[in-house]
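Next come the chains, spelled out residue by residue.
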Amino acid sequence: GVALAAPEAGGQAAPVPPSGPRGGLKRLVPPGGAWVLDEPTADFDIGDVFALPAGAAQLGGRALVVIGRDVCVLKELLESADIFEYARARADMLNLDKRTMPMPFRGEVEPTFGQLVGQMEAYPLGVEYENPLVGPSTVDWALRAVGTQGGDLLSRHQRWRS
């Protein structure tokens, strides 16, 4: 067989500040397209826009670049693509959604609802996800109350109905 050499990553990729109006539920790719981060790093999220450096190794719509000290993959998105939608779908595919908990491996004891709630982290929504409701969020408090009282959401629902 023939051994193929791995392509080298191009120079440092620089983040591109967002342009256009902030907020809303969409962020469209500007004319000419954009290169976005394909996997999260310690400092950047999927969908962050970067300038493609000269000499970056490209294969189809992806490119290897250096960001900080990491070799990362950028994905080319075409004009008018929704960056938020791409980032959401990519995070789902990589199972990075912090709202879901991993399934236990074979032989592991499945955690209780209270243990799962104890591992949860509440974080504020970003500007792009404006909440039309006014007032403090009570979801975290309600879930922790169910977790400390024992049972799960279904048993809590049945108790509330009776």
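Residues numbered from 1 in each chain as written. Predicted model: local features only at pLDDT ≥ 70, side-chain atom pairs only at ≥ 80, totals over all residues. Heavy atoms only, no water.

As for the pairing of strand S5 (residues 62-67)
To keep things clear, this is the line we draw: One requirement defines pairing of two strands: DSSP has to find at least two bridges between them. Strands here mean DSSP runs of E at least two residues long; helices mean DSSP runs of H or I at least four residues long; both are numbered from the N terminus.
The sheet contact formed by strand S4 (residues 57-59) and S5 spans 3 bridges and is antiparallel. Following the sheet pairing, alanine 57 is matched in S5 by leucine 64. Counted between consecutive antiparallel strands, the loop separating S4 from S5 contains 2 residues, among which glycine 60 sits at a positive phi close to 65 degrees. Two elements, S5 and strand S6 (residues 70-77), share 6 bridges in a ladder whose sense is antiparallel. Bridge assignment links isoleucine 67 to a residue of S6, and that residue is aspartate 70. Hairpin remark: S5 followed by S6, antiparallel, with 2 residues in the connecting loop; positive phi at glycine 68, about 65 degrees.

Remarks on helix H1 (residues 83-93)
Threshold: For every residue, the accessible area obtained with a 1.4 Å probe (protein chains only) is divided by the maximum for its type, and the residue is called buried under 20%, exposed over 50%, and partly exposed between those limits. Summarising the geometry, the arc corresponds to the directions from the helix axis toward the C-beta atoms. Between two residues, a contact is recorded if the distance between any of their heavy atoms is within 4.5 Å. Two N or O atoms count as a polar contact when they lie within 3.5 Å, although within protein this holds only if one can serve as hydrogen donor and the other as acceptor, and sequence-adjacent residues are included solely when both atoms are side-chain atoms.
For H1, the set of buried residues is Ile83, Phe84, Tyr86, Ala87, Arg90 and Ala91. All buried residues of H1 project into a common sector of 160 degrees when viewed along the axis, lining one side. Close packing links the buried residues of H1 with strand S2 (34-37), strand S3 (49-51), S5 and S6. Measuring from the backbone nitrogen of phenylalanine 84 back to the side-chain oxygen at the start of H1 gives 3.1 Å, which picks out aspartate 82 as the cap. Following H1 by one or two positions, asparagine 95 has its phi on the positive side, about 55 degrees.

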